[in-house]
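Examining the three-dimensional arrangement
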Amino acid sequence: MTVYFIGAGPGAPDLITVRGQRRIEQCPVCLYAGSLVPEEVIACAPDGAHVLDTASMHLNEIMAEIEAAHADGKDVARVHSGDPSLYGAIAEQIRRLEAAGIPYEIVPGVPAYTAAAASLGKELTLPDVSQTVILTRTAMKSSQMPSGEELETLGQSGATLAIHLSVRNLRYVEEALTPYYGADCPAAVIYRASWPDEQVIRGTLSDIREKARAAKITRTALVMVGRVLGDNDFADSHLYDPDSVHLLRPKRKSG
């Protein structure tokens, strides 16, 4: 048997990958994170499958289900939201699987920050504006950030920031980033990106906290900060520049 860690995507059921959907269809055991994975995603599980929402379960209980499936020789679809490699808490499960000699495979998914960018209608990497995207979070009730990964440090880059798990920490986000990005830097809060009840709040570092509070958004939201969110004054890339010559578009002979 194999345990498949499947990225379900940001929320919209049709944003799961073909591979991810096929793995769910073939697995007689399906353990899914129901707090962020809609039931429509796992509705394709085979008839008679053991389908369990793990939102209220702790790690030992989840591993017990996987070990029981292993003993029965049954494949497991372990379905996480977004892409499981980002804040998916799969590493601790994989560590136990490896210790127990249980095979596993990771199936990538569409991450929330790309769905958020789509909702904003923005490219996150613009020439002469920002060519770097940083995925991070801030420390609240979760574990502390490693030294050197605080917003005060990351903000010095001027990169586009996708800040997870931090919509209740917007005062700190504003205070930490304003010295580097400026109070007028575009910012956005995207609540439940790609879900039917998605909300997109646009503002600046100076007012995004008040706008999010007025909308009563306190969880399940991504915070994005960067000049790319509002800047239309950027140079065209070299990719399609008629004067740019490369392997697939060699210099044309004159005449």
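For the protein chain, an unreviewed UniProt entry supplies the name Precorrin-4 C(11)-methyltransferase and the organism Rhodovibrio salinarum. You can read under Pathway (unreviewed entry) in the UniProt record for the protein chain the words "Cofactor biosynthesis; adenosylcobalamin biosynthesis."

1. Describing the pairing of strand E2 (residues 29-32)
Across the two faces of E2 the burial is the same, with Val29 and Leu31 and Cys30 and Tyr32 all buried. Here E2 pairs with strand E3 (residues 50-53) via four bridges, running parallel. Each residue of the ladder has a partner; that of Cys30, found in E3, is Val51. Taken together, the four bridges between E2 and strand E4 (residues 76-80) define a ladder with parallel strand orientation. Each bridged residue has a counterpart across the sheet, and for Cys30 the counterpart in E4 is Ala77.

2. Quick word on the pattern of salt bridges
Tallying each qualifying case throughout the model produces six salt bridges. For Glu105, the salt bridge goes to Arg23, with nearest N and O atoms at 3.3 Å. Here Glu105 is found in strand E5 (residues 104-107), whereas its partner Arg23 is found in helix H1 (residues 18-26), with 82 residues between them in sequence. Judged by its relative accessible area of 27%, Glu105 is partly exposed. Three or more residues joined by partner-sharing salt bridges are found here, namely Arg209, Glu210 and Arg213.

3. Things to note about the state of the cysteines
On inspection of all chains with the given rule, the structure shows zero disulfides. Free cysteine Cys27: the closest other cysteine sulfur is in Cys30, separated by 7.7 Å. With no disulfide of its own, Cys44 has Cys30 as its nearest cysteine by sulfur position, at a separation of 7.8 Å.

4. Comments concerning the sheet that holds strand E10 (residues 221-225)
The sheet built from five strands is open, its strands ordered E6-E7-E10-E8-E9 with mixed pairing. Lying at the two open borders of the sheet, with one neighbouring strand each, are strand E6 (133-137) and strand E9 (199-204). Pairwise comparison of adjacent strand axes, ignoring direction, gives a mean angle of 20 degrees for this sheet. Lying on the sheet, helix H5 (residues 112-120) is in contact with E6, strand E7 (160-164), strand E8 (186-191), E9 and E10; it crosses E10 at an angle near 65 degrees.

5. So, unusual backbone geometry
Positive phi is not limited to glycine here, since Arg192 has a value of about 50 degrees. Assignment of secondary structure puts Arg192 in the loop between E8 and E9. Not every positive phi belongs to a glycine, and Ser194 is a case in point at roughly 80 degrees. Turning to its location among the elements, Ser194 is positioned in the loop between E8 and E9.

6. Concerning the pairing of E4
Side-chain positions along a regular strand alternate between the two faces of the sheet. The buried fraction of E4 amounts to five of the five residues, a majority that puts the element mostly inside the structure. The alternating pattern of E4 places Val76, Arg78 and His80 on one face and Ala77 and Val79 on the opposite face, and all of these are buried. As defined by bridge partners, strand E1 (residues 3-7) adjoins E4 across five bridges and the pair is classed as parallel. Bridge pairing in E4 places Val3 opposite Val76.

7. Observations concerning the packing of aromatic side chains
Scanning the model with the defined rule gives one aromatic pair in all. Aromatic side chains Phe5 and Tyr104 sit 6.4 Å apart centroid to centroid with 75 degrees between the ring planes, which places their arrangement in the edge-to-face category. Taken together, the residues Phe5 in strand E1 and Tyr104 in strand E5 connect sequence positions 99 residues apart. In this structure Phe5 comes out as buried when scored by relative accessible area, which is 0%. Classification of Tyr104 by relative accessible area gives partly exposed; the value is 31%.

8. Comments concerning the sheet that holds E3
The sheet built from five strands is open, its strands ordered E3-E2-E4-E1-E5 with parallel pairing. Each edge of the open sheet is held by one strand with a lone partner, namely E3 and E5. For this sheet the average axis-to-axis angle between neighbouring strands, irrespective of direction, equals 15 degrees. Relative to the sheet, helix H3 (residues 59-71) contacts E1, E2, E3 and E4, its axis offset from that of E2 by approximately 165 degrees.

9. A short note on the environment of Arg219
Note on placement: Arg219 falls in the loop between helix H8 (208-214) and E10. A relative accessible area of 52% places Arg219 in the exposed class. Expressed as a C-alpha distance, the spacing of Arg219 and Ser166, which sit 53 residues apart in the sequence, is 8.2 Å. For Arg219, the residues in contact, after removing those within four places along its chain, are Val167 and Tyr191. Among the polar contacts listed, one links the side chain of Arg219 to the side chain of Thr220, at a separation of 3.2 Å.

Basis of the calculations
Residues numbered from 1 in each chain as written. Predicted model: local features only at pLDDT ≥ 70, side-chain atom pairs only at ≥ 80, totals over all residues. Heavy atoms only, no water. UniProt positions renumbered as here; feature names shortened; annotations may be inferred. Buried < 20%, exposed > 50% of the residue type's maximum accessible area, 1.4 Å probe, protein only. Helix = DSSP H or I, 4+ residues; strand = E, 2+ residues; numbered from the N terminus. Pairing = 2+ DSSP bridges. Salt bridge = Lys/Arg side-chain N within 4 Å of Asp/Glu carboxyl O. Disulfide = S-S within 2.5 Å. Axes fitted to C-alpha atoms, helices over the stretch in contact; angles between N-to-C directions. Contact = heavy atoms within 4.5 Å. Phe/Tyr/Trp six-rings, centres within 6.5 Å; stacked < 30°, edge-to-face > 60°. Polar contact = N/O pair within 3.5 Å; in protein donor to acceptor, adjacent residues only side chain to side chain.

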